[in-house]
Amino acid sequence: MGITFYLIAAITLAGALAAMTLKHLIHAALAVTVAFAGLSLFFLNLDAQFAGFAQILIYIGAVAILIVFAILLTRSELPKEGVFSRTWFVGLAIAASIFAVLGWAVIASARALPSEATAPSVNVHDIGVALVGRYVLPLEIVALLLTAATIGAVIVALHKKERAE
Amino acid sequence: MGSPLTGYLVVAALLFSIGLAGALVRRNAIMVLIGIELMLNAANLNFIAFWRYSPHPEALTGMMFAVFSIAVAAAEAAVGLGLVIAIYRHAHTTELDKMNRMKG
């Protein structure tokens, strides 16, 4: 675990923190894009090239653009009472306690975790064969889900005109 | 810190907590959706890290799980933001505090 890990971790966590604290929605969307980019660097650092580039394509290319479009289409002004809810300390306490539990679980099981492993030699060909072989049923279900989600999103966001009759 | 996996798990836990805090604390519905996306991404980081340090990475289980999870997260983002736009058309707001009626 070298300097690259700490650099990528700093970029990712700074992006995520900025996204959750910045006031303007557009700034938050750009900050979360930085966090997505940091995560894709993590995936590349973990020798998962396919997942890393899929992360870049889907999150930076599609989800971030989708968020920006939603912000542009809704045009909300900054609320006078602030961007955080009145009971923000409750949310922070819940998040902090969940992080405490997760961190405790990780530290407690640190000894049982596997140590340094050799980099797996997996290329896109293997992933393609696995996708149409062992994982063909999940692939078909995801295809159906994506079709349904696309149609559903269009129908939900469609502007319905009043019927004449 | 014996295993390099520990660092990745701690980063993923931090990312999940930041996303959860954002989803619970922010007033805007779009920001809540961004928080949920961060939580899903933290889970993906765990999947990839466990796959990388698993005894049989050639089985591709964790990698496949992460790829399918990315696809499901994309579908969730599309439907969620579509819902936000639909509510904005109706109520002219994206503030969650003002979305307090089930009847239009």
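What you are looking at is a predicted structure, and each value in this text was computed from that prediction instead of being measured.

Q: Could you clarify how one ought to interpret the overall build of chain A in this entry?
A: Of the regular secondary structure elements, chain A holds 6 helices and 0 strands. Since a compact globule built from 165 residues should have a radius of gyration of about 15 Å, the 21 Å found for chain A marks it as more spread out than a globular shape. In terms of overall dimensions, chain A has C-alpha extents of about 65 × 45 × 25 Å along its principal axes. Counting every position in chain A, which comprises 165 residues, the buried fraction comes to 21%. Excluding contacts between residues fewer than 6 apart, the proportion of contacts in chain A whose partners are at least 24 apart in sequence is 49%.

Q: It is not clear to me how the confidence of the model for chain A should be interpreted in this structure. Could you clarify?
A: A low pLDDT means the predicted coordinates there should not be read in detail. Per-residue pLDDT for chain A has a mean of 88; in total, 96% of the residues score no lower than 70. Considering each helix and strand of chain A separately, the mean pLDDT is smallest for helix H5 (residues 124-132) of chain A, with a value of 88, and largest for helix H2 (residues 25-45) of chain A, with 94.

Q: Any chance you could explain the nonpolar core here in plain terms?
A: Burial of nonpolar side chains together is a common tendency in soluble globular proteins. Counting 71 residues, the largest nonpolar core has B:Ile30, B:Leu45 and B:Ile48 as its most contacted members. Broken down by secondary-structure element, the contributors of at least two residues to this core are helix H1 (3-21), H2, helix H3 (49-74) and helix H6 (136-157) of chain A together with helix H1 (4-25), helix H2 (29-52) and helix H3 (61-91) of chain B. Once residues lying within four places of it in the same chain are set aside, the contact partners of B:Ile30 are A:Leu25, A:Ile67, A:Ala70, A:Ile71, B:Val84 and B:Thr94.

Q: What's the story with the interface of chain A and chain B in this structure? I'm lost.
A: By a widespread convention, an interface's size corresponds to the accessible area lost as its parts come together. Each partner contributes residues to the interface: chain A has 70 residues there, and chain B has 64 residues. If you list the elements that add at least two residues to the side of chain A that touches chain B, you get H1, H2, H3, helix H4 (88-108), H5 and H6 of chain A. No other element matches H3(A), which puts 12 residues into the side of chain A that touches chain B.

The rules behind the values
Residues numbered from 1 in each chain as written. Chains lettered and ligands numbered in written order. Predicted model: local features only at pLDDT ≥ 70, side-chain atom pairs only at ≥ 80, totals over all residues. Helix = DSSP H or I, 4+ residues; strand = E, 2+ residues; numbered from the N terminus. Rg over C-alpha atoms; globule rule 2.2 N^0.38 Å. Buried ≥ 20, exposed ≤ 12 C-beta atoms within 10 Å, placed from the backbone. Contact = placed C-beta atoms within 7 Å. pLDDT = per-residue confidence, 0-100. Core = buried A, V, L, I, M, F, W, Y, C linked by C-beta atoms within 7 Å.

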